[in-house]
Amino acid sequence: MPTRTPESSGTVVALRPDREVLTRQRLPYFVGISGETAGSRGLSMHIVVIPPGGVAAPHRHRGYETAIYVLEGRVETRFGPGLRERVVSGAGEFLFIPPDVPHQAFNLSDTEPARAIVARNDPAEQENVIPYDPAENPAAGRG
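On a predicted model such as this, the values are computed, not experimentally measured, just so you know.

## Observations concerning the side chain of His46
For step 1, the next point in the chain: Within the secondary structure, His46 sits in strand β3 (residues 44-50).
For step 2, the next point in the chain: Within the structure, the side chain of His46 is placed 3.0 Å from the backbone nitrogen of Gly32, a separation counted as a polar contact.

## Things to note about the pattern of salt bridges
For step 1, the next point in the chain: Applying the stated criterion to the full structure yields 4 salt bridges.
For step 2, the next point in the chain: With a shortest N-O distance of 3.3 Å, Glu76 and Arg86 are connected by a salt bridge. Remark: Arg86 occurs in strand β7 (residues 85-90) and Glu76 occurs in strand β6 (residues 74-79); sequence separation between them is 10 residues.

## Things to note about the pairing of strand β8 (residues 94-97)
For step 1, the next point in the chain: Burial along β8 is one-sided: Leu95 and Ile97 are buried, while Phe94 and Phe96, pointing the other way, are not.
For step 2, the next point in the chain: Relative to β8, strand β5 (residues 66-72) runs antiparallel, the two sharing 4 bridges. Within β8, the position partnered with Tyr69 by the bridge is Phe94.

## Things to note about the packing of aromatic side chains
For step 1, the next point in the chain: All told, the structure shown has 1 aromatic pair when counted by the stated rule.
For step 2, the next point in the chain: Ring centres 4.7 Å apart and planes at 50° place the aromatic pair Tyr69 and Phe94 in the tilted group. Highlighted residues: Tyr69 in strand β5 and Phe94 in strand β8, separated in sequence by 25 residues.
For step 3, the next point in the chain: By relative accessible area, which is 28% here, Tyr69 ends up partly exposed.

## Some details on the side chain of Gln104
For step 1, the next point in the chain: Structurally, Gln104 can be placed in strand β9 (residues 103-107).
For step 2, the next point in the chain: Overall, the relative accessible area of 13% leaves Gln104 in the buried class.
For step 3, the next point in the chain: A polar atom in the side chain of Gln104 sits 3.0 Å from the backbone oxygen of Ala56.
For step 4, the next point in the chain: Among all residues touching Gln104, those that are not within four sequence positions of it are Val55, Ala56, Ala57, Pro58, Glu76, Thr77, Arg78 and Leu83.

## As for the environment of Gly42
For step 1, the next point in the chain: Its place among the elements puts Gly42 in the loop between α1 (35-38) and β3.
For step 2, the next point in the chain: Judged by relative accessible area, Gly42 falls into the partly exposed class, the value being 42%.
For step 3, the next point in the chain: Each C-alpha atom, one on Gly42 and one on Asn121, is 5.4 Å from the other, the two residues being 79 residues apart in sequence.

## Here we look at the environment of Ser40
For step 1, the next point in the chain: Following the sequence through the fold, Ser40 ends up in the loop between α1 and β3.
For step 2, the next point in the chain: Spatially, the C-alpha atoms of Ser40 and Val13 are 9.8 Å apart, while their sequence positions differ by 27 residues.
For step 3, the next point in the chain: Within the structure, Ser40 has its side chain in polar contact with the backbone nitrogen of Gly42 (distance 3.5 Å).

## A short note on the nonpolar core
For step 1, the next point in the chain: In this structure, Leu27, Val48, Ile50, Ile68, Val75 and Ala105 are the most contacted members of the largest nonpolar core, which totals 13 residues.
For step 2, the next point in the chain: Broken down by secondary-structure element, the contributors of at least two residues to this core are β3, β5, β8 and β10 (114-120).
For step 3, the next point in the chain: Ranked by residue count, the leading element in this core is β10, at 3 residues.
For step 4, the next point in the chain: Among residues more than four places away in sequence, those in contact with Ile68 are Glu93, Phe94, Leu95, Ile97, Ala116, Ile117 and Val118.

## Here we look at the environment of Val13
For step 1, the next point in the chain: Counting through the fold element by element, Val13 comes out in the segment before β1 (20-22).
For step 2, the next point in the chain: Given the relative accessible area of 17%, Val13 is considered buried.
For step 3, the next point in the chain: With 24 residues separating them along the chain, Val13 and Thr37 place their C-alpha atoms 8.6 Å apart.

What counts and what doesn't
Residues numbered from 1 in each chain as written. Predicted model: local features only at pLDDT ≥ 70, side-chain atom pairs only at ≥ 80, totals over all residues. Heavy atoms only, no water. Helix = DSSP H or I, 4+ residues; strand = E, 2+ residues; numbered from the N terminus. Polar contact = N/O pair within 3.5 Å; in protein donor to acceptor, adjacent residues only side chain to side chain. Salt bridge = Lys/Arg side-chain N within 4 Å of Asp/Glu carboxyl O. Buried < 20%, exposed > 50% of the residue type's maximum accessible area, 1.4 Å probe, protein only. Pairing = 2+ DSSP bridges. Phe/Tyr/Trp six-rings, centres within 6.5 Å; stacked < 30°, edge-to-face > 60°. Contact = heavy atoms within 4.5 Å. Core = buried A, V, L, I, M, F, W, Y, C linked by side-chain atoms within 4.5 Å.

Spelled out as structure tokens, the structure:
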């Protein structure tokens, strides 16, 4: 995959993800558009794979939005204080996560991976992934 720097902005960059990286969320990503790969200054877009039975580490994204489009599989996303709220997303569905909302994704299949396109308005989004411990929230378990 070619590496581009911000100086190369103003050119069109075509990329094919050719390597998998492990993220701070402990999920494999296929790197697509970012500041590093394309000189992007305001967004990133990748493919995430949640292995069969896999789960992301609980986390939040400091200061940026996340949009997800599920390509394959069914994913339960737990979110909010104490990760007490839940939504299930399937193939063909979108999910929006506002900045700083704690969340954790679970692949609902024990036999098939879940795949999704993830877009964020941060070209270096992994630098702003913050681990989240649901037990640290004093309101967790109430209600």
